Amino acid sequence: MAKWTEQLPEAARDYIAGRRVDEVECIIGDIAGVARGKAMPASKFARQASFFLPNSIFLQTITGEWADNPSGQFTEPDMILIPDFSTATAAPWTADVTLQIIHDAQDPSGKPVPTAPRNVLRRVVELYNAEGWQPVVAPEMEFFLTARNLDPNMPVMPPMGRSGRRAAGKQAYSMSAVDEYGKVIDDIYDFAEAQGFEIDGILQEGGAGQVEINLAHGDPVRLADEIFFFKRLIREAALRHDCFATFMAKPIEGEPGSAMHIHHSVVDLKTGKNIFSDRKGAETQHFLHFIAGMQNHLPGAVALLAPYVNSYRRYVPDFAAPINLEWGRDNRTTGLRVPISGPEARRLENRLAGMDCNPYLGLAASLACGYLGLKEGRMPRDECTGDAYNIETELPYNLGDALDLLDEDKSLQEVLGAGFCSVYDSVKRNEYKEFLQVISPWEREHLLLNV
């Protein structure tokens, strides 16, 4: 037992603090970002170096159905899952002493399984590394706390606050609004501390019960792991206080949606310097090429940044969501924003991604666009200095159109992996087909007796 526990990060060792570990959750994220895997007694985990799961978990849709395998075979061969001990973290909401450990997926020959989302992100990072670069990201997570919703036919409602009133919208940055569900926030802080995660800040967003958590910048794979863990952490904190936490892009009609804004910079591996700034602190050609890559390839990447039919309800005017591929300095109406910063922290913020995306795939897709821009060396369009909300959108209007654009962008597919893109397309088209078979309340209300 001591051998494997010595490989744990400091926060996990501190959480154990001499106690006996009861259970280990061996997990891996599927296409949706749902944790799949096995829970086992710690004594059993200590005796094995890996375990097996069928690779068909990457063909499962969000509804639990199975998409067609693009290879034409559905033999469900096993993957070998290897623990990445650097990801080990507490599950502080459990009654027993439990650890969670993310596993990497390999085939029997030891090669990374190309359809595993964590491997897709690692593939993109390795392409940067091969050029002598290290990408750096800083994600922002938005989500809603809501009243319990036990009937899918009923609209989602804001939660009841400590005042006895439901959380109100249009209270962005209000401290009293955050205090309304302060006990949930307290548990989020406590769970994050137990898991060794650094929260850069928590604030009230514009929606009723909408919260934003900012994470400090760092390595893309590590931060994707943290978001993967954070989603579960936040849900567990909410359930403790009789409410739900949801990462749907647009859970409440008439309220803004939830984004996962991604800040990007790129560091030279030899010098440790930000390649977006030159020695005098000015913007470099690399920076402009990175922006151009975003403008040229984000249309194809939207299928990964907005992965569900609900995602496109966020892309509407006047709801604080960008619906364009313009770029501008300190301009929140543009899809690509250059925040105010010193030269060493010069970065580009991609404001298109929804919080409903798989964090591994969202970061991979966004970084892939920037990588292609650096390799292609093209220049972006002129900076937008006005209100970009008034500019006609270049984004797809629905998931089907987004998947078509991904299929057309062969360069993006090559960076992400053509095999992965084929599986992703199959899963998402299956989900879209299922959705189109559902008759909505709007259709019954307006069409039943009027057409």
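Right above here is the structure, for reference.
Residues numbered from 1 in each chain as written. Predicted model: local features only at pLDDT ≥ 70, side-chain atom pairs only at ≥ 80, totals over all residues. Heavy atoms only, no water.

### Remarks on the overall build of the chain
Condition: Secondary structure follows DSSP: runs of H or I at least 4 residues long count as helices, runs of E at least 2 residues long count as strands, and numbering of each begins at the N terminus. Three exposure classes are used, based on accessible area relative to the maximum for each residue type with a 1.4 Å probe and protein chains only: buried under 20%, partly exposed in between, and exposed over 50%. For the accessible areas, the method is Shrake-Rupley and the probe is 1.4 Å, while residue cover comes only from the protein chains on display. When charges are tallied, Lys and Arg are placed among the positive residues and Asp and Glu among the negative ones, while His and the ends of the chain are skipped. Where a charge sits is defined by one atom per residue type, namely NZ (Lys), CZ (Arg), CG (Asp) or CD (Glu).
Check the secondary structure of the chain and you find 13 helices and 14 strands. Summarising its shape, the C-alpha atoms of the chain cover approximately 60 × 60 × 50 Å along the three principal directions. Counting only residues that meet the buried cut, the chain has 55% of its 451 residues in that class. For the chain, the accessible surface area stands at approximately 20500 Å², while carbon and sulfur atoms represent 51% of it. If the 44 positive side-chain charges of the chain are averaged to one point and the 63 negative ones to another, these points end up 3 Å apart.

### Here's the deal with the side chain of glutamine 134
The line we're drawing: We call two residues in contact when some of their heavy atoms are within 4.5 Å.
Take glutamine 134: it is sitting in strand 7 (residues 133–147). The residues touching glutamine 134, leaving out its near neighbours within four places in the chain, are Val125, Asn129, Asp219, Pro220, Ser265, Val266, Val267 and Leu269.

### Here's the deal with empty space enclosed by the protein
Here is the rule we go by: Site definitions follow a grid-based scheme: protein atoms alone, a 1 Å grid, a 1.4 Å probe that fits but cannot get out for cavities, and for pockets an open set with protein on both sides within 12 Å along at least five of seven lines, plus lining residues having an atom within 4 Å of a point. Grid points are joined across faces, edges and corners, and a volume is the space filled by probe spheres set on the points. Gly counts as polar in this scheme, as do all residues outside two lists: the nonpolar Ala, Val, Leu, Ile, Met, Phe, Trp, Tyr, Cys and Pro, and the charged Asp, Glu, Lys and Arg.
Considering all chains together, one arrives at 2 cavities of 30 Å³ or more under this definition. Ile28, Gly29, Ile102, His103, Ala116, Pro117, Arg118 and Tyr360 are the residues that line the largest cavity. Split into classes, the residues belonging to the lining of the largest cavity amount to 5 nonpolar, 2 polar and 1 charged. In this structure, the second largest cavity encloses a volume near 30 Å³. When grouped by side-chain class, the residues that make up the lining of the second largest cavity number 8 nonpolar, 1 polar and 1 charged.

### Digging into the layout of surface pockets
Here the largest pocket defines a volume of roughly 2200 Å³. Every residue lining the largest pocket is counted, 49 residues in all, and those nearest its centre are Val156, Met248, Lys250, Pro251 and Asn310. Among the elements that line the lining of the largest pocket, the one with the most residues is helix 7 (residues 220–239), at 5 residues. Its residues assigned to classes, the lining of the largest pocket shows 28 nonpolar, 10 polar and 11 charged.

### What to know about the side chain of threonine 98
Note that threonine 98 resides in strand 6 (residues 98–106). The class of threonine 98 is buried, set by a relative accessible area of 1%. With near-sequence residues (within four places) excluded, threonine 98 lies in contact with Tyr15, Glu23, Glu25, Thr89, Ala90 and Ala91.

### A few points about the pattern of salt bridges
Note the threshold: Throughout this description, the term salt bridge denotes a Lys or Arg side-chain nitrogen within 4 Å of a carboxyl oxygen of Asp or Glu.
Counting across every chain of the model gives 22 salt bridges. Arginine 148 is the salt-bridge partner of aspartate 242, the closest N and O atoms lying 2.6 Å from each other. Of this pair, aspartate 242 sits in the loop between helix 7 and strand 10 (243–246) while arginine 148 is found in the loop between strand 7 and helix 5 (175–179), placing the two residues 94 residues apart along the sequence. Of the residues examined, aspartate 242 reaches a relative accessible area of 55% and is grouped as exposed. A salt bridge links arginine 240 to aspartate 187; its shortest N-O distance comes to 3.9 Å. Highlighted residues: arginine 240 in the loop between helix 7 and strand 10 and aspartate 187 in helix 6 (residues 182–195), separated in sequence by 53 residues. Relative accessible area serves as the criterion here: at 12%, aspartate 187 is assigned to the buried category. Several salt bridges converge on common partners, so that one network encompasses Asp84, Asp104, Arg118, Arg122 and Asp225.

### Let's talk about the packing of helix 7 against helix 9 (residues 359–376)
Let me state the cut-off plainly: Where helices are involved, their axes are fitted lines through C-alpha atoms of the stretch in contact, as for all axes, and angles between N-to-C directions lie from 0 to 180°. Handedness of a crossing is defined here by the sense of rotation of the near helix relative to the far one, left-handed for an anticlockwise turn of less than a right angle and right-handed for a clockwise turn.
Closest axis-to-axis distance for the helix 7/helix 9 pair is 8 Å, and the angle between their directions is 145 degrees. When the axes of helix 7 and helix 9 are compared, the crossing they make is right-handed. Residue-level inspection shows Pro220, Val221, Ala224, Asp225, Ile227 and Phe228 of helix 7 in contact with helix 9, the latter providing Pro359, Tyr360, Leu363 and Leu367. A class-by-class count of the residues in the contact of helix 7 with helix 9 yields 9 nonpolar, no polar and 1 charged.

### What about the nonpolar core?
What counts here: Working definition of a nonpolar core: buried Ala, Val, Leu, Ile, Met, Phe, Trp, Tyr and Cys residues. They are joined through side-chain atoms within 4.5 Å.
Counting residues in each nonpolar core, the largest one holds 125 residues, and the members touching the most others are Trp4, Ile188, Ile234 and Leu416. Residues contacting leucine 416, with those up to four places away along its chain left out, are Val120, Arg123, Val124, Leu304, Ala364, Ala365, Ala368 and Cys421.

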